[in-house]
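For reference, the chains in residue letters:
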Amino acid sequence: MLKIQDYRPQPFIDFTQEENVNAYKSALKKVRAELVGKHYPLIIDGERIDTAEKLTSLNPCDTSEVVGTTAKATIEDAERALQGAWKAFESWKKWDMDARARILLKASAILKRRRLEACALMSIEVGKNYAEADVEVAEAIDFLEYYARSAMKYAGFGSSETTWFEGEENGLMSLPLGVGVSISPWNFPCAIFLGMLAAPIVAGNCVIAKPAEDSGLIAGMMVDILLEAGLPAGVLQFLPGVGKEVGEYLTTHARTRFITFTGSRAVGLHINEVAAKTQPGQKWIKKVILELGGKDGLIVDETADLDVAVTAAVQGAFGFNGQKCSAMSRLIVVDSVYDDVVNAFVERAKALTVGTGEENANVTAVVNQMSFDKIRGYLELAPSEGTVLCGGKATGEANGQQGYYVQPTIVGDVKRDARLAQEEIFGPVVSVIRASDWQDALEIANSTEYGLTGGVCSRDRARLEQARHEFEAGNLYFNRKITGAIVGVQPFGGYNMSGTDSKAGGPDYLANFMQLKTVTERW
Ligand code: NDP
């Protein structure tokens, strides 16, 4: 019997051990030999289909290298995928919950065996260093294990509690919604891609997966694993393509029942709008689950352990080059400790290595030309909005390698309403904001439209309790980094413009993909 109590998060690999580093290097060789250069076609109704046009995935750390290609779905392909998924739904919805859950567990077992391969592919395709890649694959395994087990509470009739009533049997059933579209970002191309499929699928839905263009290969590998685990044809339709084309077509389609989207605020809000417009023949109100961007702040007050605070700042800001929705992009420091904190932070940032994911640099290249240009724009703005304390250049080069390299950058004394302090940059760029005191710091923290992650480094119990209630963030951390939520341990999702707070990896996440039916029988 599957029980949520049996779920345990995966431990991370310790890369201070030489044998683990060597194993990673071997995996890189294997991936270079077997996966790099691969082409992933579409998968519709279990059939691999190629398209005339292709999407190319580049190595961001060495842009002369093509990592591989995927097919590029057309509108006709999207239509076929949608119709096929509805056909598959007729039988998939009737499977027992435990039978569906077992497929996720089998997929988890396969991914555990291929853990370092998945890591290595991410190092090459999106530039993750060893630890960043490893925690992501661990998270992907956790999603499979956690959703498989948490599905069991929705199985069967009476699965949720109702109150006893004389002469009747009453109960609730949790039913899948139907066919949905899952649109995912490139920054967690393994864990988020997989989690956003596994949850609706185990609940009995069929899903069309549209991966991000920059990470089609790792997405293809995850789909292969789910199919190898026994997922029936049509339950998962793999549709690499262009978001503005096939993504747009599917999100506006009358037969799309739900949309689960993780990505930028601009695209998420657009999807929210177009999905709300009822199409001719549409039978339902589409359910839209959005996980969007952030402008996440860490407050350091005068009571904080400065070493803890600076470590939290460095890890939160520069892990995967600040390309996390949860990344710390605003450091808010109380005036009386501002110089001490900022000097130590700058010193630690200057010591970070910049290079490729494959050579396990601390900071690697950002994902693509668009991202590089966007960050460069903010770096040009930086001297007029604050003092550049370290970095400040988008070099496009590191150790002789041409790629989308940006120096870890800290900009001091940024005004709270400056663009640098308000807009999501999504790169290794931190704005430091000076607060007059604790209360001012909290106001600054809450002064964005976002509300994803946040943190406080303080030893003042009353302040921590105040922040617990008043800091507007879906995930709030005290005296540690503000990134790295663990499935089941820290359910993840944002408030305000950061999303619909669906709490991925949380006890009620699967309910997003189900509808409830109350059934009453009078005896
Ligand atoms: P984007 O919003 O650019 O893209 C996300 C996905 O949406 C991609 O698959 C993209 O396809 C697709 N897309 C683009 N336009 C449309 C459209 N009109 N209709 C339907 N789909 C579309 O985000 P990024 O991939 O750049 O990811 C980074 C963003 O994601 C950041 O803002 C980050 O904060 C956020 N994020 C949020 C998380 C959270 O949990 N809250 C977690 C991770 C990231 P294509 O690739 O073809 O353009």
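Here the structure is shown first, and the text comes after it.
For clarity, every value in this text was computed on a predicted model and none was experimentally measured. (Residues numbered from 1 in each chain as written. Predicted model: local features only at pLDDT ≥ 70, side-chain atom pairs only at ≥ 80, totals over all residues. Heavy atoms only, no water.)

Counting its secondary structure elements, the chain contains 15 helices and 22 strands. For the chain, the C-alpha radius of gyration of 23 Å lies close to 24 Å, the compact-globule estimate for 523 residues. Counting only C-alpha atoms and orienting by the principal axes, one finds that the chain spans roughly 70 × 60 × 50 Å. When the 523 residues of the chain are sorted by exposure, 59% land in the buried category. A fraction of 76% describes how many contacts in the chain between residues 6 or more apart in sequence connect residues 24 or more apart. Of the side-chain charges in the chain, 54 are positive and 67 negative, and the distance between the mean point of each set is 5 Å. (Helix = DSSP H or I, 4+ residues; strand = E, 2+ residues; numbered from the N terminus. Rg over C-alpha atoms; globule rule 2.2 N^0.38 Å. Buried < 20%, exposed > 50% of the residue type's maximum accessible area, 1.4 Å probe, protein only. Contact = heavy atoms within 4.5 Å. Lys, Arg positive; Asp, Glu negative; His and termini not counted. Charge placed at Lys NZ, Arg CZ, Asp CG, Glu CD.)

It is worth spelling out the sheet that holds strand β1 (residues 38–40) at this point. Spatially, 3 strands are ordered β1-β5-β4 in an open sheet, and the strand pairing comes out mixed. Of all the strands in the sheet, the pair left with one neighbour each is β1 and β4 (54–58). Taken over all neighbouring pairs, the strand axes of this sheet differ in orientation by 25° on average, direction set aside. The pairing of β1 with strand β5 (residues 66–71) spans 3 bridges and is classified as parallel. Looking at the pairing, K38 lines up with G68 of β5. Most of the contacts of helix α7 (residues 216–228) go to β1, to which it runs at about 70°, and overall it touches β1, β4 and β5. (Pairing = 2+ DSSP bridges. Axes fitted to C-alpha atoms, helices over the stretch in contact; angles between N-to-C directions.)

On to the pattern of salt bridges. In the structure shown here, the tally under the stated rule is 28 salt bridges. A salt bridge links E449 to R265; the shortest N-O distance between them is 2.8 Å. Residue E449 is found in the loop between α14 (438–445) and β20 (453–457), and its partner R265 is found in helix α9 (residues 265–276); the two are separated by 184 residues along the sequence. For R265, a relative accessible area of 23% translates into the label partly exposed. Of the charged contacts in the structure, one is a salt bridge between R463 and E302, with a shortest N-O distance of 3.1 Å. (Salt bridge = Lys/Arg side-chain N within 4 Å of Asp/Glu carboxyl O.)

Here the focus is the site of the ligand. Neighbouring residues of the ligand: 31 residues in total, closest K210, E213, S264, L292 and E424. Separating an oxygen atom of the ligand from a backbone N or O atom of G243 is a distance of 2.8 Å. Contact distances for the ligand include 2.8 Å between a nitrogen atom and a side-chain N or O atom of E248. Considering the ligand on its own, with 910 Å² of exposed area, one finds that the protein chains cover 88% of that surface. Broken down by secondary-structure element, the contributors of at least two residues to the shell around the ligand are α8 (243–252), β11 (258–262) and α9. Broken down by element, the shell around the ligand gets its largest block of residues, 4 residues, from α8. Broken down by class, the residue content of the shell around the ligand amounts to 15 nonpolar, 10 polar and 6 charged. (Near = heavy atom within 4 Å. Polar contact = N/O pair within 3.5 Å; in protein donor to acceptor, adjacent residues only side chain to side chain. Areas by Shrake-Rupley, 256 points an atom, 1.4 Å probe, with all protein chains shown as cover. Nonpolar A, V, L, I, M, F, W, Y, C, P; charged D, E, K, R; others polar.)

The strand order across the open sheet built from 7 strands is β15-β18-β19-β14-β13-β20-β21, with neighbouring strands paired in mixed fashion. Single-partner strands in this sheet number two, and they are β15 (387–390) and β21 (475–478). With direction set aside, neighbouring strand axes in the sheet form an average angle of 20°. Here β15 runs beside strand β18 (residues 409–412); their pairing, made up of 3 bridges, is antiparallel. Residue pairing across strands places T387 opposite G412, the latter belonging to β18. Seen against the sheet, helix α10 (residues 306–318) touches β13 (296–300), β14 (328–334), β18, β19 (429–435) and β20 and runs at an angle of roughly 170° to β13.

With that settled, the discussion passes to helix α3 (residues 97–113). With 17 residues, α3 should cover 24 Å at 1.5 Å per step; its first-to-last C-alpha distance of 25 Å lies within 8% of that length. Every buried residue of α3 is listed here: M97, R100, A101, I103, L104, L105, A107, S108, I110 and L111. Of the surrounding elements, those touching the buried residues of α3 are α2 (75–92), α4 (115–125), α5 (130–150), α6 (191–202), α7 and β22 (514–522). (Expected span 1.5 Å × (residues − 1).)

The full count for this structure, using the stated rule, is 17 aromatic pairs. Relative to Y147, the ring of F143 has its centre 5.4 Å away and its plane inclined at 15°; by these criteria the two rings are stacked. Linking F143 with Y147, this pair stays in helix α5, spanning 4 residues, or about one helical turn. Note on Y147: relative accessible area 1%, which makes it buried. Members of the aromatic cluster, connected to one another through ring pairs, are Y7, F143, Y146, Y147, F258, Y509 and F513. Over the ring of Y450 we find R265, and its NZ or CZ is 5.4 Å from the ring centre. The residue whose ring lies beneath R434 is Y338, and the NZ or CZ to ring-centre distance is 3.8 Å. (Phe/Tyr/Trp six-rings, centres within 6.5 Å; stacked < 30°, edge-to-face > 60°. Lys NZ or Arg CZ within 6 Å of the ring centre and 35° of its normal.)

The next point concerns the side chain of S329. Among the secondary structure elements, S329 is positioned in strand β14. On the basis of relative accessibility, which here comes to 12%, the residue S329 falls in the buried class. Look past the residues within four positions of S329 in its chain and what remains in contact with it is K295, D296, V429, V430 and S431.

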